[in-house]
Amino acid sequence: MISTLMADPAAIAKMDKIVALCKRRGFIFQSSEIYGGLNGAWDYGPLGVELKRNLKDYWWRCMTQVRDDIVGFDGSILMNAAVWKASGHVDTFSDPLVECLLTKKRYRADQIEPQSGTVYYYKGIKQRKISRLSVGNVETTAFTETAEPVPLPFAVLVPKGKPEASAQKIARQYYISRGIPDSEIISLDLEKTEQVENSTKFNPENGSLLSETKTFNLMFKTYVGAIEDESSVTYLRPETAQAMFVQFKNVLEVSRKKLPFGIAQIGKAFRNEINPRNFTFRSREFEQMEVEFFVKPGTGPEWLEKWKEERLAWYEAIGIPRAKIHVLTVPDKDRAFYSQGTYDLEYEFPFGVQELEGIAHRGEYDLKQHQEHSGKPLEYFDEELKKKYLPEVVEPSAGVDRTVLAVLCEAYAEETVKDEESGKEETRVVLRFVPRLAPIKAGIFPLLKNKPELVAKTKEVLRSLQPLMKVAYDEAGSIGKRYRRIDEEGTPFGITVDFETLEGVKEASTSATGTPIEVGQKETVTLRHRDSMKQERIAIADLPAYLVAKIV
């Protein structure tokens, strides 16, 4: 539906803060920003690319490393155009498109928010005609009113409670946009009014009449080779799945797998979305994490349920509570025509409940299509049954960018705390990423940057951790400000090298590992926890094992 984000001002404010933080801290930038940007395309900055990579790495590990029934794959973005003809994308991969007659802005017809109110139908306008007369040697301008209105039908919907003047204003703008000077418009020729309920024929943003619905293919067309003609046409892939279907037989043979087994892929896809919106949620260039899981005929429904539970558990492991994941059983009328059952896993974004992942039972549709169109056998030989058949497919398909956005929304928090140095109350902004996803695992600080011995020891600690995880050195500003910076970046641990590191601790305590730290013990640092802001001592020698155990 057409909306800014949603009606809740608090939700709008939160989303605005998240977008601002993403730019301020280097998570996500608008593509081509210095040239005015490109709608529907985004660049991931130093922190964003680490967050995104950690997310993809964890998905890949869960799919291909800790289970032995899925193998990895990386298909090309460009494929033979016949692939997209066979899959149905050339003929059916489209959205219903409407256009605002006033602004020429385009929208998906099925996302227009229904409106109720009074519709004002205008037949056209009464216009002044300009004529030039010569009286002697003097030329004068004369205006005459047209006898009949200029026929140019238009309509405006005005919500209940608003006056007709608002319709006249929009209509006047429309006629001006059609090339009629404002000074020549005498009046609008109103034909009739009508009360409507839940109409989707008008733009909710301004009330203007929308165009008739057209079909808009979402694929980006391109050409392969030096000659641009129909023989060289192909498309940027709108999904990653088809390469896995096309290469099913090759992967099956080289991996020596038996059913059930899957092929996993992470890759870019491209869709020429009519109306990209809600930050990175709906983009024209995006990444997918997909598994095509091939199963014996008749077992698809059972595997659909298994994958639903598997994926819900995975989202919990990346910090998204199951309570915020809505499982939608997609109705028959809304499913893809080939689907024999689909679940949508939806997250409570600030702009509303929206899809994160689809889990679809695709049946044998894809393999059957490619077998028929290519003329090449794609059947599986079942050694137990001693017969060939086309497997069914269950597909869990998640959006990388959408999941990153969900993780950011879930992690974002504001709280009132006491400053760790001054004791004054202040607002702390923190991203509570689960450690395995955090872009930087630990910030490494010298207490003072003008003490060479502290700086040297800090960099020694830094070098010992760098081969194991992403860490960052920071010496600018007070230690409290440095803590606030890493809180905003979502860094789960802060490590400070202070004078007790070099001279020995002044008070006995228990280490973060549970072992005692004696008075006078050297080679310890202060370990600060992001979420609780608790600080404790830990031996430098214990840091690698302690942190690695926390971030897996």
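Residues numbered from 1 in each chain as written. Predicted model: local features only at pLDDT ≥ 70, side-chain atom pairs only at ≥ 80, totals over all residues. Heavy atoms only, no water.

**Student:** Can you walk me through the overall build of the protein in this structure?
**Tutor:** Across its full length, the protein carries 14 helices and 29 strands. A globule of 552 residues ought to have a C-alpha radius of gyration of about 24 Å, yet the protein, at 31 Å, is considerably larger. Along the first, second and third principal axes, the C-alpha set of the protein runs to 110 × 75 × 50 Å. A total accessible area of about 27000 Å² is found for the protein, and carbon and sulfur atoms account for 50% of it. (Helix = DSSP H or I, 4+ residues; strand = E, 2+ residues; numbered from the N terminus. Rg over C-alpha atoms; globule rule 2.2 N^0.38 Å. Areas by Shrake-Rupley, 256 points an atom, 1.4 Å probe, with all protein chains shown as cover.)

**Student:** Could you clarify how one ought to interpret the side chain of Asp 382 in this entry?
**Tutor:** Mapped onto the secondary structure, Asp 382 falls in strand β18 (residues 380-382). No salt bridge is formed by the buried Asp 382. Its closest oppositely charged neighbour is Lys 296, at 4.0 Å. Within polar-contact distance, the side chain of Asp 382 engages the backbone nitrogen of Leu 385 at 3.1 Å. A polar contact is formed between the side chain of Asp 382 and the side chain of Tyr 389, at a distance of 2.7 Å. If sequence neighbours within four positions are ignored, Asp 382 has contacts with Lys 296, Lys 387 and Tyr 389. (Buried < 20%, exposed > 50% of the residue type's maximum accessible area, 1.4 Å probe, protein only. Lys, Arg positive; Asp, Glu negative; His and termini not counted. Salt bridge = Lys/Arg side-chain N within 4 Å of Asp/Glu carboxyl O. Polar contact = N/O pair within 3.5 Å; in protein donor to acceptor, adjacent residues only side chain to side chain. Contact = heavy atoms within 4.5 Å.)

**Student:** Is there a simple way to explain the pattern of salt bridges in this structure?
**Tutor:** It is possible for side chains of opposite charge to pair when their charged atoms get near one another. Inspection of every chain in the model, using the stated rule, returns 45 salt bridges. Measuring nitrogen to oxygen at the nearest pair gives 2.9 Å for the salt bridge that ties Arg 485 to Asp 474. One end of the pair, Arg 485, is in helix α12 (residues 479-489); the other, Asp 474, is in the loop between β24 (471-473) and α12, and 11 residues separate them in sequence.

**Student:** Whenever I open this one, helix α11 (residues 452-465) confuses me. Can you help?
**Tutor:** Every α-helical turn comprises 3.6 residues, leaving residues that sit three or four positions apart pointing alike. Here α11 contains 14 residues, and its C-alpha end-to-end distance of 20 Å stays within 8% of the 20 Å for a straight helix at 1.5 Å per residue. Looking at α11, one finds that the buried residues are Leu 454, Val 455, Lys 457, Thr 458, Val 461, Leu 462 and Leu 465. Burial along α11 is one-sided: seen end-on, the buried residues are contained in an arc of 165°. Exposed residues on α11 whose side chains face more than 90 degrees from its buried face are Pro 452 and Arg 463. As for α11, its buried residues are in contact with β23 (442-446), β24, β25 (493-497), α13 (499-503) and α14 (543-551). (Expected span 1.5 Å × (residues − 1). Arc of directions from axis to C-beta.)

**Student:** Sorry, what's going on with a nonpolar patch on the surface here?
**Tutor:** A surface patch of nonpolar side chains, about 230 Å² in accessible area, is lined by Ile 77, Leu 78 and Val 224. Inspection of the secondary structure assignment puts Leu 78 in the loop between β3 (70-72) and α3 (81-87). On the basis of relative accessibility, which here comes to 42%, the residue Leu 78 falls in the partly exposed class. (Patch = residues over 30% accessible without salt bridge, like charges linked within 9 Å, V, L, I, M, F, W, Y side chains within 5 Å.)

**Student:** Can you help me understand unusual backbone geometry in this one?
**Tutor:** With omega at 0°, the peptide bond leading from Leu 259 into Pro 260 counts as cis. The residue Pro 260 is located in the loop between α7 (248-255) and β13 (261-270) in this model. Of note, Phe 279 is a non-glycine position whose phi angle comes to about 60°, a positive value. In the Ramachandran plot, Lys 386 falls in the positive-phi region, its phi being about 55° despite a non-glycine side chain. Examined against the element boundaries, Lys 386 turns out to sit in the loop between β18 and β19 (387-389).

**Student:** Teacher, can you tell me more about the packing of aromatic side chains here?
**Tutor:** Aromatic rings considered in pairs are described by the distance between their centres and by the relative angle of their planes. For the structure shown, the criterion picks out 24 aromatic pairs. For the ring pair Trp 42 and Phe 279, a centre distance of 4.9 Å and an interplane angle of 80° mean the geometry is edge-to-face. On the criterion of sequence distance, the pair formed by Trp 42 in strand β2 (residues 42-44) and Phe 279 in the loop between β13 and β14 (285-295) is long-range, its members being 237 residues apart. In this structure Trp 42 comes out as partly exposed when scored by relative accessible area, which is 23%. Residue classification places Phe 279 among the buried residues on the basis of a relative accessible area of 11%. Their ring planes at 5° and their centres at 3.9 Å tell us that Phe 154 and Tyr 174 sit as a pair that is stacked. On the criterion of sequence distance, the pair formed by Phe 154 in strand β8 (residues 150-159) and Tyr 174 in helix α5 (residues 164-177) is long-range, its members being 20 residues apart. Among the aromatic residues, ring-to-ring pairing joins Phe 245, Phe 248, Phe 261 and Phe 294 into one connected group. (Phe/Tyr/Trp six-rings, centres within 6.5 Å; stacked < 30°, edge-to-face > 60°.)

**Student:** In this structure, what is going on with the environment of Ser 255? I would like to understand it.
**Tutor:** With respect to the element layout, Ser 255 can be found in helix α7. C-alpha separation for the pair Ser 255 and Trp 60, spaced 195 residues apart in sequence, amounts to 17 Å. Not counting residues up to four positions away in its chain, the partners in contact with Ser 255 are Val 71 and Phe 261. Here Val 251 takes part through its backbone oxygen, which lies 2.6 Å from a polar atom of the side chain of Ser 255.

**Student:** For this particular structure, what's the right way to read the sheet that holds β25?
**Tutor:** The pairing of strands in a sheet comes from backbone hydrogen bonds and takes either a parallel or an antiparallel form. The mixed open sheet is built from 5 strands, whose spatial order is β24-β23-β25-β28-β29. The sheet is open, and its two edges are formed by β24 and β29 (535-539), each paired on a single side. Each strand axis lies, on average, 30° off the axis of its neighbour in the sheet, ignoring direction. Strand direction decides the pairing type here: β23 and β24, joined by 3 bridges, are parallel. Residue pairing in the sheet places Gly 443 in a bridge with Ala 472 of β24. With respect to the sheet, α12 is in contact with β23, β25, β28 (524-529) and β29, its orientation differing from that of β23 by roughly 165°. (Pairing = 2+ DSSP bridges. Axes fitted to C-alpha atoms, helices over the stretch in contact; angles between N-to-C directions.)

**Student:** Which parts of the structure should I look at to understand the state of the cysteines?
**Tutor:** Every disulfide links exactly two cysteines, by a covalent bond between their sulfur atoms. Summed over the entire model, instances satisfying the criterion amount to 0 disulfides. The thiol of Cys 409 is unpaired, and the distance to the nearest cysteine sulfur, on Cys 22, comes to 8.2 Å. Cys 409 gets classed as buried once you look at its relative accessible area, which sits at 1%. (Disulfide = S-S within 2.5 Å.)

**Student:** Just checking my understanding: could you explain the sheet that holds strand β4 (residues 94-99) for this structure?
**Tutor:** Taken in spatial order, the 3 strands of this open sheet run β5-β4-β10, and their pairing is antiparallel. Either end of the sheet is taken by a strand with one partner, and the two such strands are β5 (106-108) and β10 (214-217). Averaged over all pairs of adjacent strands, the angle between strand axes in this sheet comes to 50°, irrespective of strand direction. Note: β4 against β10, 4 bridges, orientation antiparallel. The residue bridging Ser 94 from the neighbouring strand is Asn 217, located in β10.

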